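Descriptive analysis of the structure
Take a look at the letters that make up each chain.
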Amino acid sequence: MNPSLERLVLRQPDDWHVHLRDGAMLESVVESTARVFRRAIVMPNLQPPIMSIGGALDYKKRILEALPFGIEFTPLMTAFLSESLSPDVLEQGFEEGVFTAAKLYPFNATTNSDCGVSDLRSIDSLLETMERIDMPLLIHGEVIDSDVDVFDRESVFIDRHLIPLLSRYEGLRVVLEHITTEQAVEFVETSSFRLAATITPHHLHINRNAMFSGGLRSDFYCLPLAKREHHRLALRRAATSGKPCFFLGTDSAPHPRAAKESSCGCAGIFNAAYALESYAEVFEQEGKLSRLEAFASEYGPSFYGLPLNSNKITLTKKPQLVPEAFQLAKDSSVCDSLVPFHAGEILNWRFVSN
Ligand code: NCD
Ligand code: ZN
């Protein structure tokens, strides 16, 4: 691939972290992910969360039914870890190929995590099982202790919880999801454990100032929060480093505009509609376009032990204006909109399906 080209042909990428939601929201957003990404790790934080094999199979079916005709897309389902989940269910779900991984949400750390885990030791039997059967553990790595500054939640999680956990389960394959700090970058790249990290487009583009630029900007509120500029720069170095421990995971997390703009607004950025273009912009700005394909399409499957996609997609360098909002598919009563990441901005790259 020649970086000066106006056209990039890439192995089709996968999204290793996405929230597809359910019902009318699923109908509205699934195409954005599925037209670009061949597979996606689908987060289980529905209400109630996905904690059974039957629940995962039903949800997968709803996702496939919501796909527009002719799109080939494989949702990779995850189990929501909780004290009430049995190790046998996890093992059976993994062995049967229903669950690709399991997700650890600390209790109340983010959207729909009130069934999450308060004490990591209480899920030891689940983690032991996962280590034994080589099932990847995906972690939302933040503490919620009230004495910890919200911008330090990730780095404190690494010190207090991740390091002890990795030391207890040395064989466990772990993805630290949506990393946001220089500490996380350094920890992951120097780790001798089987550890990788996903990086979102928004954390590569914005720092924490975006949330307060000219007013309170709920469109940039997500968890983990965007941090200071030096953290963003560390993430850009990591994503474009060519190190296989860093790969693509959008964390696209749609919420209707009214839910974002309320007095207690929801965390989450909907970036799926222009995610690949958004990453391409970063790789180009860093002079590392030649490394986009590995980050987007190779390191993720390698870490998960899954085959690489064989089909190709194309990005052309044709500027496009990102709409201010999308209308949501109407469910019975709600008529609302969804604000995409980069709303009102021009992106230089454009996805073209082959
Ligand atoms: C996610 C959501 O809305 O489900 N929100 C977010 O800010 N990223 C949950 C999560 O991944 O933290
Ligand atoms: Zn997420």
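Structural notes, computed from the coordinates. Chains are numbered independently. Their residues run from 1 in the order of the written sequence. Written order determines the labels here, with chains lettered from A and ligands numbered from 1. Only residues with pLDDT of 70 or above have their local features reported here, since the model is predicted, and side-chain atom pairs are shown and tallied only from 80 upward, although totals for entire chains, interfaces and linings are computed over all residues. Hydrogens and water are ignored here; the side-chain numbers use all heavy atoms of the structure.

1. Examining the sheet that holds strand S7 (residues 174-176)
Quick note on the threshold: Between any two strands, at least two bridges found by DSSP are needed for them to pair. Put simply, DSSP H or I for four residues or longer makes a helix, DSSP E for two residues or longer makes a strand, and each gets a number counted from the N terminus. For helices, the axis comes from a line fit to the C-alpha atoms of the stretch in contact; other axes are also lines fit to C-alpha atoms, and the angle between any two N-to-C directions lies between 0 and 180 degrees. Every residue pair with non-hydrogen atoms within 4.5 Å of one another is taken to be in contact.
Spatially, S2-S3-S4-S5-S6-S7-S8-S9 is the arrangement adopted by the eight strands of the open sheet, whose pairing is parallel. If you trace the sheet from one side to the other, it starts and ends with strand S2 (15-18) and strand S9 (246-248), each paired once. The average undirected angle you get between the axes of adjacent strands in this sheet is 30°. Bridge analysis of strand S5 (residues 99-104) against strand S6 (residues 137-139) gives three bridges, and the strand direction is parallel. The residue bridging Ala-102 from the neighbouring strand is Leu-137, located in S6. Packing against the sheet, helix H6 (residues 182-190) makes contact with S7, strand S8 (195-199) and S9, and its axis sits at approximately 140° to S8.

2. Some details on the coordination of the zinc ion (ligand 2)
Which entries qualify depends on this criterion: A 2.8 Å cut-off from the metal defines N, O and S donors, relaxed to 3.2 Å for Na, K and Ca; water is not in the atom list, so some sites may appear incomplete.
Within the protein, the atoms that donate to the zinc ion (ligand 2) are His-17 (NE2), His-19 (NE2) and Asp-251 (OD), at distances of 2.0 to 2.1 Å. Read from N- to C-terminus, the donor residues coordinating the zinc ion (ligand 2) fall into the pattern H-x1-H-x231-D. Of the two residues, His-17 sits in strand S2 while Asp-251 sits in the loop between S9 and helix H9 (257-260), which places them 234 residues apart along the sequence.

3. Considerations on the site of ligand 1
Here is the rule we go by: Nearness here has a simple test: a residue counts as near a molecule or strand if at least one of its heavy atoms is within 4 Å of that partner. Contacts described as polar in this section are N or O atom pairs within 3.5 Å, which, within protein, must combine one atom able to donate a hydrogen with one able to accept it, while residues neighboring in sequence count only if both atoms come from side chains. In these tables, accessible area is a Shrake-Rupley quantity obtained with a 1.4 Å probe, and a residue counts as shielded only by the protein chains included in the view. In this analysis, the protein atoms alone were mapped onto a 1 Å grid. Cavities are point sets where a 1.4 Å probe fits without being able to get out; pockets are open sets with protein on both sides within 12 Å along at least five of seven lines; lining residues have an atom within 4 Å of a point. Each molecule is checked against the cavity or pocket grid, and it sits inside if more than half of its atoms lie within 2 Å of the grid points. Three classes are used, and their members are as follows: Ala, Val, Leu, Ile, Met, Phe, Trp, Tyr, Cys and Pro are nonpolar, Asp, Glu, Lys and Arg are charged, and the others, Gly among them, are polar.
Contacts to ligand 1 come from 15 residues, most closely from Arg-21, Asn-45, Thr-110, Leu-223 and Asp-251. Contact distances for ligand 1 include 2.6 Å between an oxygen atom and a side-chain N or O atom of Thr-110. Asp-251 places a side-chain nitrogen or oxygen 2.8 Å from a nitrogen atom of ligand 1. Within the complex, 100% of the 310 Å² of free accessible area of ligand 1 lies under protein. The cavity where ligand 1 resides is the largest cavity. For the shell around ligand 1, the residue count by class is four nonpolar, nine polar and two charged.

4. Observations concerning empty space enclosed by the protein
Filter applied, for reference: Grid points are joined across faces, edges and corners, and a volume is the space filled by probe spheres set on the points.
All chains considered together, the criterion is met by two cavities of 30 Å³ or more. Size it by volume and the largest cavity reaches roughly 120 Å³. Lining the largest cavity are 17 residues, and of these His-19, Thr-110, Leu-223, Asp-251 and Ala-253 lie nearest its centre. The residue inventory of the lining of the largest cavity, partitioned by class, reads six nonpolar, eight polar and three charged. Taken as a whole, the second largest cavity spans an internal volume of roughly 40 Å³. Along its surface, the second largest cavity is lined by Thr-180, His-203, Ile-206, Ala-226, Lys-227, Arg-228, His-231, Arg-232 and Leu-235. Ranked by residues supplied to the lining of the second largest cavity, first place goes to helix H8 (residues 229-239) with three residues.

5. What to know about the layout of surface pockets
There is about 400 Å³ of room inside the largest pocket. Taken together, 21 residues line the largest pocket, and the ones lying closest to its centre are Arg-21, Asp-22, Met-25, Pro-254 and Pro-256. When grouped by side-chain class, the residues that make up the lining of the largest pocket number nine nonpolar, eight polar and four charged. Roughly 340 Å³ of internal volume is contained in the second largest pocket. Along the wall of the second largest pocket there are 19 residues; nearest its centre are Tyr-221, Lys-260, Cys-264, Gly-265 and Cys-266. Taken together, the residues that form the lining of the second largest pocket break down as nine nonpolar, seven polar and three charged.

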